[in-house]
Amino acid sequence: MTQYLLALYKADDESRSPEQTRQVWEDVNALGDRMAEAGAFVFQGGLVPAESATVVRQSGGDFLITDGPYPETKEHLAGFWVINAADLDEALEWARATTVAQQRPIEVRPFFDGDLGDAIVANGPDAQ
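How each quantity is defined
Residues numbered from 1 in each chain as written. Predicted model: local features only at pLDDT ≥ 70, side-chain atom pairs only at ≥ 80, totals over all residues. Heavy atoms only, no water. Phe/Tyr/Trp six-rings, centres within 6.5 Å; stacked < 30°, edge-to-face > 60°. Helix = DSSP H or I, 4+ residues; strand = E, 2+ residues; numbered from the N terminus. Buried < 20%, exposed > 50% of the residue type's maximum accessible area, 1.4 Å probe, protein only. Pairing = 2+ DSSP bridges. Axes fitted to C-alpha atoms, helices over the stretch in contact; angles between N-to-C directions.

Draft legend 1. Structural detail: the packing of aromatic side chains. Scanning all chains against the criterion turns up 1 aromatic pair. Consider the rings of Phe43 and Phe80, whose centres lie 5.7 Å apart with planes at 35°: the pair is tilted. Of this pair, Phe43 sits in strand β2 (residues 41-46) while Phe80 sits in strand β5 (residues 75-85), and the two are 37 residues apart along the sequence. The exposure class of Phe43 is partly exposed, given its relative accessible area of 46%.

Below, the structure written as structure tokens:
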């Protein structure tokens, strides 16, 4: 089985009614139960708003620490699931269910499953 990240992003200016929020939480909890029953669930996490982020960058021998999220964008990572799936098709089925429960798009990305040599090849100049 491969592990996949199901990432959800939230627009900074998004707002939902209390009723919508309650429904999303109910749907997300039910989805988590389905994932667990199917043996797909590994880990789930929600993040506090992006303005709480701190970014650490190396600059020569020093480190620069700044407030705010790394990218300047209107949407930021809001939460995620890590799931086990036999293949991308199965991961996409879980992503479809997650999109419905969350009422927002879901990004699906497999975790890298290799050693240092594989990583060098995958990230080399000819990797594309």
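Moving on, there is more to tell.
Draft legend 2. Just the sheet that holds strand β6 (residues 106-110), in detail. Spatially, the 4 strands line up as an open sheet ordered β2-β5-β1-β6, and their pairing is antiparallel. Whereas interior strands pair on both sides, the edge strands pair on one side only; in this sheet they are β2 and β6. Here the strands of the sheet are splayed against their neighbours by 20° on average, with no regard to which way each runs. For β2 and β5, the ladder comprises 5 bridges, and the chain directions are antiparallel.

Everything listed here is a matter of geometry and, on its own, says nothing about what the molecule does.
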